[in-house]
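Below are the chains, spelled out letter by letter.
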Amino acid sequence: MKKDNVFWGVLLLLAAFYIIINNLGFMPDVNVVRLGLAVICVVVFFKSLARLEFGGMLFSLAVLAILFDSQLGITALTPWPVLIAALLGSIGLNMIFGSGSRMYKKGKQSVGEFKGTEYVSGEEIYISGRFNGYKKTISSDNFTRATIQCKFAGMEISFDDAVIQGGKAVVELDVAFAGLELYIPQSWRVENHTEGIFGGFEEHRSHSDGEGPTVVFKGNVKFGGVEIYRI
C-alpha cells in the first residue's frame with residue numbers, strides 16, 4: 001500500500017468525520033473546502049521542499065495567501081500579484097539553481113532513469129496531474145497521441161519506451177502554473193505549435209542527424225514552463 005494513498009485516505013476520513021460532528025453542532029463553523037485546500041497546499045509545500053522544487057513551494061504559498069487573504073490583510077496582493085510573483089520567483093530560482101535544483105538532480109545516475117515511476121501504456125495516452133509531483137514513463141509499441149494536463153504541479157514524463165511507427169505523433173498540452181519536463185529519444189524531431197501566456201517551451205538539444213519520427217506539440221502553456229530533454 002502506498003504511503004500517499006494512506007495519507008489521503010486518512011485525510012478524507014477525517015474530513016468526513018468533521019462534516020458529521022460539525023453539522024451536529026459540536027464544532028465551530030469552518031469553511032471545509034478552504035480548510036481542505038489549505039491542507040493540500042501545506043502537503044505540496046513540504047513535498048516540494050524535500051525535492052527542492054521551487055515552483056511547488058512558491059505556488060503552494062501563493063494559493064495559501066489567496067485562501068486567507070482577508071485574515072492576513074493582503075487582499076490588495078491577491079490573486080494575480082502573488083501568482084505572478086510565484087511564477088517569476090520560480091523561474092528566477094530555476095535559472096540560478098537549475099530546474100528541480102541541481103543538488104537534487106545529482107542523485108540521479110542518468111537522464112531518463114525514473115526510479116519508482118508509474119508506467120502508462122497504449123497508443124493514445126492521457127495523463128493528468130494537479131497539486132503534486134508526478135513521474136510517468138510511457139510504454140508503447142505504436143505511440144500516436146498523448147494528452148497531458150499539468151496544473152499547479154511538477155511532472156516528469158519519459159518517452160524512452162515509446163515507439164512511433166507512423167512517422168508522427170501528437171502531444172496535446174494543457175499546462176498552467178506548473179513545470180513539465182519531457183524526456184524523448186534522441187532521434188525524435190520536435191515541432192512546437194503550442195501557445196503560451198507567460199509560459200515557455202524550451203528544447204534543450206536538437207535531434208541527431210538523420211531521419212526520425214516527428215512529435216508535434218500543441219496546446220497551451222500558461223504561467224508555466226515545458227522543457228524537452230533528449231535521452
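An account of the accompanying structure is given in this report. All values reported here derive from a predicted model rather than from experimental measurement.

## A few points about the overall build of the protein
Helices and strands together make up the secondary structure of the protein, namely six helices and twelve strands. Counting across all 231 residues of the protein, residues that qualify as buried make up 36%. When the accessible surface of the protein is split by element, carbon and sulfur atoms take 60% of a total near 13,000 Å².

## Examining the pairing of strand β7 (residues 179-184)
With five of six residues buried, β7 is to be regarded as a mostly interior element. Bridge count for strand β5 (residues 154-162) against β7 is five bridges, and the pairing is parallel. Bridge assignment links M155 to a residue of β7, and that residue is L180. Bridge count for β7 against strand β12 (residues 225-230) is six bridges, and the pairing is parallel. Paired with L180 across the bridge in β12 is V226.

## Some points on the packing of aromatic side chains
What the rule picks out here adds up to five aromatic pairs. Between F143 and F159, the ring centres sit 5.5 Å apart and the planes meet at 55°, which makes this aromatic pair tilted. Of this pair, F143 sits in the loop between β3 (133-140) and β4 (145-151) while F159 is found in strand β5, placing the two residues 16 residues apart along the sequence. Pair check on accessibility: F143 and F159 agree, each one buried. Ring centres of F143 and W188 lie 6.3 Å apart, and the angle between their planes is 0°; this geometry places the pair in the stacked category. Here F143 is found in the loop between β3 and β4, whereas its partner W188 is found in the loop between β7 and β8 (189-192), with 45 residues between them in sequence. Each member of the pair F143 and W188 is classed as buried.

## Focus on the nonpolar core
F143, I148, I157, F159, V171, L180 and L182 are the most contacted members of the largest nonpolar core, which has 29 residues in total. If you list the elements that add at least two residues to this core, you get β2 (124-130), β4, β5, β6 (168-176), β7, β11 (214-222) and β12. In this structure, A62, L87, A176 and F177 belong to the second largest nonpolar core, which totals nine residues.

## Section: the pattern of salt bridges
Close approach of charged atoms allows side chains with opposite charge to pair. Counted by the stated rule, this structure contains three salt bridges. Between E203 and R230 there is a salt bridge, and its shortest N-O distance comes to 2.5 Å. On the criterion of sequence distance, the pair formed by E203 in strand β10 (residues 200-203) and R230 in strand β12 is long-range, its members being 27 residues apart. For E203, a relative accessible area of 33% gives the class partly exposed.

## Structural notes on unusual backbone geometry
The linkage connecting T78 with the following residue, P79, adopts the cis geometry, with an omega of 0°. By the element assignment, P79 lies in the loop between α4 (69-72) and α5 (80-97).

## With respect to the sheet that holds β5
What the six strands build is an open sheet, ordered β1-β3-β5-β7-β12-β10; its pairing is parallel. The open sheet is flanked by β1 (118-121) and β10, the only strands paired with a single partner. On average, adjacent strands in this sheet sit at an angle of 20° to one another, irrespective of strand direction. Two strands pair when backbone bridges link them, and β3 and β5 are joined in this way by seven bridges, in the parallel orientation.

## Here's the deal with a nonpolar patch on the surface
On the surface, W80, I84, L88 and I91 cluster together into a nonpolar patch covering about 390 Å² of accessible area. Residue position: I84 is located in helix α5.

## Section: the side chain of S140
Tracing the chain through its elements places S140 in strand β3. Under the relative-accessibility criterion, S140 is labelled buried at 5%. Among the polar contacts made by the side chain of S140, one reaches the main-chain carbonyl oxygen of G122 at a distance of 2.9 Å. For S140, the residues in contact, after removing those within four places along its chain, are G122, E123, D161, A162 and V163.

## What to know about helix α3 (residues 54-67)
With 14 residues, α3 should reach 20 Å at 1.5 Å per residue; the first-to-last C-alpha distance of 20 Å fits that figure. Among the residues of α3, F54, M57, F59, S60, A62, V63, L64, A65 and L67 are the ones counted as buried.

Basis of the calculations
Residues numbered from 1 in each chain as written. Predicted model: local features only at pLDDT ≥ 70, side-chain atom pairs only at ≥ 80, totals over all residues. Heavy atoms only, no water. Helix = DSSP H or I, 4+ residues; strand = E, 2+ residues; numbered from the N terminus. Buried < 20%, exposed > 50% of the residue type's maximum accessible area, 1.4 Å probe, protein only. Areas by Shrake-Rupley, 256 points an atom, 1.4 Å probe, with all protein chains shown as cover. Pairing = 2+ DSSP bridges. Phe/Tyr/Trp six-rings, centres within 6.5 Å; stacked < 30°, edge-to-face > 60°. Core = buried A, V, L, I, M, F, W, Y, C linked by side-chain atoms within 4.5 Å. Salt bridge = Lys/Arg side-chain N within 4 Å of Asp/Glu carboxyl O. Axes fitted to C-alpha atoms, helices over the stretch in contact; angles between N-to-C directions. Patch = residues over 30% accessible without salt bridge, like charges linked within 9 Å, V, L, I, M, F, W, Y side chains within 5 Å. Polar contact = N/O pair within 3.5 Å; in protein donor to acceptor, adjacent residues only side chain to side chain. Contact = heavy atoms within 4.5 Å. Expected span 1.5 Å × (residues − 1).

Fair warning: the whole summary comes from geometry, so function is off the table for now.
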